[in-house]
Every structure is written in C-alpha cells, then in structure tokens.
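# A closer look at the structure
In case you want the letters, here they are:
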Amino acid sequence: MITGKVWKYGENVNTDVIFPGKYTYTITDKNEMAKHAMEDLDPSFAKEVQKGDIIVAGKNFGCGSSREQAATCLKYAGVAAIVAPSFSRIFFRNAINEGLLLIINGDSIDHIQKGDTIDIDLAKGEIKKSGKSFKFFPLPESVRGIIEDGGLIPHLKKKFATEKK
Amino acid sequence: MGKTFAEKILSKNVDRDVRADEIVIASPDMVMSHDNASAISKSFKSIGLKKVKNPDKIVIILDHCVPAASEEYAVNHKTIREFVKEQGIKNFFDINAGVCHQVFMEKGFALPGTLILGSDSHTNSYGALGTLSAGIGRTEMAAIWATDELWLLVPKSMRIELTGKFLPGVSAKDLALHIIGEIGADGALYKSVEFAGDALKKISISERITLSNLTAEMGAKNAYFPPDDKTREWLVMRTDKEYTEVFPDKDAIYDQILKYDLSKIEPKIAFPHTVDNVKPISFASGLEFHQALLGTCTNGRLDDLQIAAKVLKGKKISPKIRLLVFPASMEVFREALEDGTIKILADAGAVIMNPGCGPCLGAHEGALAPGEVCLSTSNRNFKGRMGCKDASVYLASPATVAVSSLRGLITDPREVL
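A brief structural summary. Computed from a prediction, not measured in an experiment: that's the story for all the values here.

## Side note on the overall build of chain B
Helix and strand counts for chain B stand at 13 helices and 18 strands. The C-alpha atoms of chain B give a radius of gyration of 21 Å, which matches the 22 Å a tight globule of 417 residues would have. Counting only C-alpha atoms, chain B reaches 60 × 55 × 40 Å along its principal axes. Across the 417 residues of chain B, 65% fall into the buried class. When contacts within chain B are restricted to residue pairs at least 6 apart in sequence, those whose partners lie at least 24 apart make up 76%. Accessible surface computed for chain B: about 14,500 Å², of which carbon and sulfur atoms make up 52%. Between the centroid of the 50 positive side chains of chain B and the centroid of its 52 negative side chains there is a distance of 2 Å.

## Concerning helix H3 (residues 71–87) of chain B
All names here are of chain B. Over its 17 residues, H3 extends 24 Å from the first C-alpha to the last, a length consistent with the 24 Å expected when each residue adds 1.5 Å. Regarding H3, the residues found buried are Tyr73, Asn76, His77, Ile80, Phe83, Val84 and Gln87. Take H3 and look down its axis: the buried residues cluster within an arc of 125 degrees, on one side only. Seen from the buried face of H3, the exposed residues on the opposite side, beyond 90 degrees, are Glu71, Lys78 and Lys85. Buried residues along H3 sit against helix H2 (37–46), strand S3 (58–61), strand S4 (91–93) and helix H5 (138–147). Glycine 88 sits one or two residues past H3 and shows a positive phi near 65 degrees.

## Describing the environment of B:Ala216
All names here are of chain B. Looking at the secondary structure, you find alanine 216 in the loop between helix H7 (205–214) and strand S10 (222–224). The spacing of alanine 216 and leucine 189 is 27 residues in sequence and 9.0 Å in space, taken between C-alpha atoms. Apart from the residues lying within four places of it in its own chain, the contact partners of alanine 216 are Ser121, His122, Asn124 and Arg380.

## Description of the nonpolar core
Grouped together as the largest cluster of nonpolar side chains are 81 residues, with contacts concentrated most on A:Phe45, A:Ile55, A:Phe61, A:Leu74, A:Ile82, A:Phe91 and B:Trp145. Examining the composition of this core, we find that six residues originate from one element, H5(B), more than from any other. Setting aside residues no more than four positions away along its own chain, A:Phe45 makes contact with A:Trp7, A:Tyr9, A:Ala37, A:Met38, A:Ile55, A:Leu74, A:Ala77 and A:Val79. B:Leu177, B:Leu211, B:Ile265 and B:Val278 belong to the second largest nonpolar core, which has 43 residues in total.

## Describing empty space enclosed by the protein
Residues and elements named next belong to chain B. Under the criterion given, the structure shown has four cavities of 30 Å³ or more. Reported here for the largest cavity is a volume of approximately 290 Å³. Taken together, 27 residues make up the lining of the largest cavity; nearest its centre are His34, His64, Asp120, Leu361 and Arg385. At the level of elements, helix H4 (100–106) and helix H9 (296–299) are the ones that each hand at least two residues to the lining of the largest cavity. For the lining of the largest cavity, the residue count by class is eight nonpolar, 13 polar and six charged.

## What about the interface of chain B and chain A?
Listed as interface residues are 46 residues of chain B and, on the opposing side, 38 residues of chain A. The junction of chain B with chain A conceals about 3,600 Å² of combined surface from both sides, 58% of it contributed by carbon and sulfur atoms. The largest contributions to the chain B side of the interface with chain A come from B:Arg138, B:Thr139 and B:Trp151, which together make up 17% of the buried area. Summed over the shared surface of chain B and chain A, the number is three salt bridges.

## Focus: unusual backbone geometry
All names here are of chain B. The linkage connecting valine 66 with the following residue, proline 67, adopts the cis geometry, with an omega of -15 degrees. Assignment of secondary structure puts proline 67 in the loop between S3 and H3. Cis geometry is adopted by the peptide bond preceding histidine 273, which originates at proline 272 and carries an omega value of -5 degrees. Within the secondary structure, histidine 273 sits in the loop between strand S12 (268–270) and strand S13 (278–280). The backbone of aspartate 15 sits at a positive phi, close to 60 degrees, despite the residue not being glycine. Summarising the element assignment, aspartate 15 is placed in the loop between helix H1 (5–14) and strand S1 (23–26). Residue class for aspartate 15 comes out exposed when judged on its relative accessible area of 69%.

## Digging into the packing of helix H10 (residues 302–312) of chain B against helix H13 (residues 398–407) of chain B
All names here are of chain B. For the pair H10 and H13, the least separation of the axes is 9 Å and the interaxial angle reads 30 degrees. When the axis of H10 is compared with that of H13, the two are roughly parallel. For the pair H10 and H13, the sense of crossing is right-handed. In this structure, H10 contributes Asp304, Ile307, Ala308, Val311 and Leu312 to the contact, and H13 contributes Pro398, Ala399, Ala402, Val403 and Leu406. For the contact of H10 with H13, the class distribution of residues is nine nonpolar, no polar and one charged.

## Observations regarding the sheet that holds strand S2 (residues 54–56) of chain A
Residue and element names in this part refer to chain A. With mixed pairing, seven strands are arranged side by side in an open sheet as S4-S3-S2-S1-S5-S6-S7. Bordering the open sheet on either side are strand S4 (101–104) and strand S7 (132–135), each of which pairs with just one other strand. Each strand of the sheet is rotated relative to its neighbour by a mean of 30 degrees, with strand direction disregarded.

## Let's talk about the pattern of salt bridges
All names here are of chain B. Counting across every chain of the model gives 37 salt bridges over all chains. Among the ionic pairs, arginine 81 bridges to aspartate 94, the shortest N-O distance being 2.7 Å. Here the residue arginine 81 occupies a position in helix H3, and aspartate 94 occupies one in the loop between S4 and H4, the gap between them amounting to 13 residues. Judged by its relative accessible area of 34%, arginine 81 falls in the partly exposed class. Exposure remark for aspartate 94: the relative accessible area of 23% places this residue in the partly exposed category. In this structure, aspartate 255 engages lysine 191 in a salt bridge whose closest nitrogen and oxygen atoms are separated by 3.1 Å. Taken together, the residues span a long stretch of sequence, with aspartate 255 in the loop between helix H8 (229–236) and strand S11 (256–261) and lysine 191 in the loop between helix H6 (172–183) and strand S9 (192–196) at a distance of 64 residues.

## Structural notes on the packing of H6(B) against H7(B)
When two helices pack together, you describe them by how their axes are tilted relative to each other and by the distance separating the axes. Residues and elements named next belong to chain B. Where H6 contacts H7, the axes come no closer than 9 Å and their chain directions differ by 20 degrees. Considering the angle they form, H6 stands roughly parallel to H7. As for the relative orientation of H6 and H7, their crossing is right-handed in sense. Residues Ala172, Lys173, Leu175, Ala176 and Ile180 of H6 touch H7, and the partners they reach there are Glu207, Thr210, Leu211 and Leu214.

Reading guide: rules and limits
Throughout, a residue's number is its position along its own chain's written sequence, starting from 1. Note on labels: chains are lettered from A, ligands numbered from 1, in written order. The predicted nature of this model means local features are confined to residues of pLDDT at least 70 and side-chain atom pairs, given and counted, to a pLDDT of 80 or more, with totals for whole chains, interfaces and linings taken over all residues. Water and hydrogen atoms play no part in the side-chain values, which are based on all heavy atoms of the structure. Under the DSSP-based scheme used, a helix requires at least four consecutive residues in state H or I and a strand at least two consecutive residues in state E, with every element numbered from the N terminus. Radius of gyration here is computed from C-alpha atoms only, and the compact-globule reference equals 2.2 Å multiplied by the residue count raised to the power 0.38. Classification of residues uses two cut-offs on accessible area relative to the type maximum, computed with a 1.4 Å probe and protein chains only: under 20% is buried, over 50% is exposed, and between them is partly exposed. Note on definitions: a residue-residue contact is assigned when non-hydrogen atoms from the two residues lie within 4.5 Å. The Shrake-Rupley method, run with a 1.4 Å probe sphere, supplies the accessible areas, and residue values consider only the shown protein chains as cover. Only four residue types enter the tally: Lys and Arg on the positive side, Asp and Glu on the negative side, with His and both chain ends excluded. Taken as the charge location is NZ of Lys, CZ of Arg, CG of Asp or CD of Glu. Residue count minus one, scaled by 1.5 Å, sets the expected span of a helix. Directions are taken from the helix axis to each C-beta atom, and the arc is the one they span. What makes a nonpolar core is a set of buried Ala, Val, Leu, Ile, Met, Phe, Trp, Tyr and Cys residues whose side-chain atoms join them at distances within 4.5 Å. The rule is simple: put a 1 Å grid over the protein atoms alone, call a set of points where a 1.4 Å probe fits but cannot get out a cavity, call an open set with protein on both sides within 12 Å along at least five of seven lines a pocket, and count a residue as lining if it has an atom within 4 Å of a point. Grid points are joined across faces, edges and corners, and a volume is the space filled by probe spheres set on the points. Residues are sorted three ways: Asp, Glu, Lys and Arg are charged, Ala, Val, Leu, Ile, Met, Phe, Trp, Tyr, Cys and Pro are nonpolar, and all the rest, Gly among them, are polar. Buried area is calculated as the accessible area (1.4 Å probe) missing from two parts once they are joined, with the contributions of both summed. The salt bridge definition used is simple: a Lys or Arg side-chain nitrogen within 4 Å of an Asp or Glu carboxyl oxygen. Structural elements are reduced to axes, namely lines fitted to C-alpha atoms, with helices fitted over the stretch in contact, and the angle between N-to-C directions of any two is expressed from 0 to 180 degrees. Note on angle classes: values under 35 degrees are labelled roughly parallel, values over 145 roughly antiparallel, values of 65 to 115 roughly perpendicular, and the remainder oblique. Each crossing gets its hand from how the near helix is turned against the far one by less than a right angle, where anticlockwise is left-handed and clockwise is right-handed. Paired strands, in this sense, are two strands between which DSSP finds at least two bridges.

Printed below as a string of structure tokens:
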C-alpha cells in the first residue's frame, strides 16, 4: 500500500516542462536533476515535494522529448507514483525502466485535488480517497518485474548474475 | 485476418505470429544514438559488462550541441569518442555530419522492412522509408547494447489515407500540423501510423520524412510509408545491402482510419506552447516575431531551403528580425552550396549555421530572450523549448517562415507564392 500527498496537474504535461532541455547535457547527477523537476510548470514543486508524494495528472503525461531525465528527476524528487488516464509512450517506457510506478486510471482524477492524501493498493488494484475507491488494471507481468527490481539496469544486473551462477 | 505493417514486422522479428497489444522481446536490426550516447555508455558500464554485444548494429551521430558550446558538452563528446574507439563501433559520425535522423537515412542505415530503435523521440522519421522505427529512452538503449534485445508492445495501427495534391504555398508541414491540430498530441498515442492513398506517389521522400517526423507529436510509436519507386531510387546510391520491403495486408485491422484531400489543406501554424494548438495561418497574420528558424530534422532538407531561396532571391529579410538557417545535414549543406541556394539565403541576410539541432531544444546556438518570439520550421514549441521559459515559439512551414521573414511579420505564404 502506498499512501501519499497529491500534486495535481493538467493534460499533456510535456517533458520540456518536467525537465528543461537546456539542462539535458549539463546536469548528470540524479539528485541535482530532482532540484529542477517540473521547473517550467510549477516552480514550487521541487522546493516542497516530499518523499512518497503522488502526482495525479490529465491524459498523455510525459509527452514530447524522449529525455529519460523527466522520469529520473521525478523519481529522485521522491515521487512514489504517477496516476493519469494515459501516459506518453516513451515516458511510460522510461518510467518503468527507471523503476517509477505508473498507474493508468482516468476515473479517479476528477475526485482528487492538490494536497489530498490518497492510498494506492497495488495488490487489489485500487486507488482510495476518503471512502471512495477506483479500480485500475495492473501493468503487464513482464514489465512489473522490471519495476520490482528497481528498474531495467538492476533487473539486468540480476539477470547476468543469475546466468553466471 | 490480415496484419498491419507493425504486426508483420514484429512477427518477422520474433519469428512467430504476433498481434496488437502483445508484448514481445525483439532484437532490433539497427540502433541509433546521438549526444546522449555518453549517458548511455555510463548506464551500460554500470551493468558490469565490458563489451557491447553487437557493435555493428550501433550508430552514433553527434548533433545536439555541435560544435561543443561549453566544457560540459566537450567532455560529453570526448567520452563518446573514447567509448566508440574502445568498443570498435565503426558507424560513428562526429560533429561534421548533421542531424542524426537525416544522417542515419542518408548513410543507408534505414532499410525498408527493418526494425530500428533510437534513443530520440523523432526516430519515427525513418518510417518514410518503410522501416518500423521508434524512439526509446537512454537506459533501455544501454540494455540493447548489453543484450541485443528489448521488450516492445505490438502497437495498434491507424491509417491515414491521402488523396489530391497540395495547392501552391501549402506543403507536408501544413498537412502534419493540420492532422495534429485535429487529433491532438495524443491522437495516435502508442500507435503505428500508416500513410496510404493515391497522393503518396506525388509526395517526395523529403515530405514523407517531415510527415513521419511529426507523427511523434501525435504520440505515435512509429510511422510508415509503403516503399515505392521513390524509396528505391533514394536508396540506390546510399546502400548496397539487400532488403525486403514489407507491406500491410489488405484486410488488416485498423483502430482508426483518417482521410484527407491535400487540395483542401491550408497553411497552418502551431501557436505557443503546444504542438496541437494549431490554427489557420490567418489567425497569426500580422503578428510580430524576432527570430526565424529554417531547418532541423523536420524541415532542413534541400527542398525546404530551396523554397525559402525562391522567396528570398534578390531580396533582403526584414531588419526587424534575424533568420537562422540550419541545413539538416552536411550532404544537404553541400548540395545547397553547389546549387546556389546558400548564397541566395546569405545574400538575403540569413545567418548560415552548421548542420545540427541548433536552438530546437534550447541547448545551443540561437537561444531566445524573455519576451521574444521565434517562428520556426522545427517540431516543438513547448514552454522553455528554446532555452527561455518566457519566450514563445510558433511552428510553421518553410514557405511561411521565408515569406514572413521578408515582411518581418507572420504572413500567409500564398500572398507571395
């Protein structure tokens, strides 16, 4: 079960506002990336975000550039999960490969506001907010293994280590 | 039941019958990276392996910040050059080649019927040549370097049928913006977008690249143009490798079918700060701007520069604006030098830059100041995209950018062309 405070955003949040292009080759430290998370959309985010917070947003979250730092900066800023009706394809892949949990759900977002506290029950596939619950489909098993291992690199390390034995 | 192009290519790759919505473990035929190869090489090394699994499949092309703008960028390039040498990667193109997508196709790496993955969102571009090419992230590129395979979702497909012919002053860029405006930034989310119809035989490879490139702005996984004589002619001088063209079955199942008559398309412009904020050019007519950008992987090919030269020949751009020209590649640059296009643009007052991404992603030359407006042929206008969150970017065709540069105000290109 994940319990966290909500940051709420609109539709089509693009990777340029999540992590500006001007930093893509100058900032390589992941904790430093986190300091610029959402910089051009919501300057208060990076200052106030707490470990375990949850982002709830409109459709097509993470559209635009393939920059993985968009997923990395949110993970290192402490974001525990992102809930949205849909995610842009490459952001979806990057988040999984970075071990950042994504929940695809459109029913809940109109019932959740900034600052609310919500629960995400992964075992049951439910988002819960003040007595209401919203069902979501879990990610396919083949990619859940990657998130459970903490991302694609740890997943591969584990795989190569097993092969060596 | 027939198969779409994407279902056919991925079935071929995994050697079994696969359909939309299945997840497969595929092995790409070629993979492409640019300046982010430095970060990828670090992820690769963190896995604990010494050598990449298949160096001959890897293509690396420096383009995002060329030549290096600062010590950080210089170190980034140096790391890549050392990695390429150490790993025996022979398909490496340094700062003098051009934008990765254009160079990748010009050098004959994008063969019809192949599966290509690139660590850049506009990898969709090679669909123009009948490939299945899709963008991926950095970490997963490191995984491919290590294992030669990656998980992929077999996408649903959308078919876009084109008939008719563009009117003067209207081009593929206007059509792409029109479609994006209509279906939105997620209108083709995770889908394979197949272009079809009678109009294709009149659409050049350059225009197909523009359309394929911009499917990324509809959320698509990939684009596809069925190979034809234009494709074969374009490739004949660029590769001696054999390839097998792949076509969708006639009874393939599409999620959605869109139809457009090219003669009904008008010049379009994307207003700040999203690519799907598209309006007819008349809505922007008379607006002031400060910088014009002609070029990039979307519209930096010879025909794009030539249309601007046709407009600007013997004339001067407005002193109120600055015009930057970024040819998509050194090949384009050389051709444009030889046929006089570059001289016409330079004489008109344009700043001729070296081939590369330039200001498109705000990491390099041509950044904007607060309050400034750029009219650009590139593919994105997100807030902060050209280095400043208080600047604005409008996206339009090369014809619109050229005619507007002459007037110093955003202008309908049909007034001149």
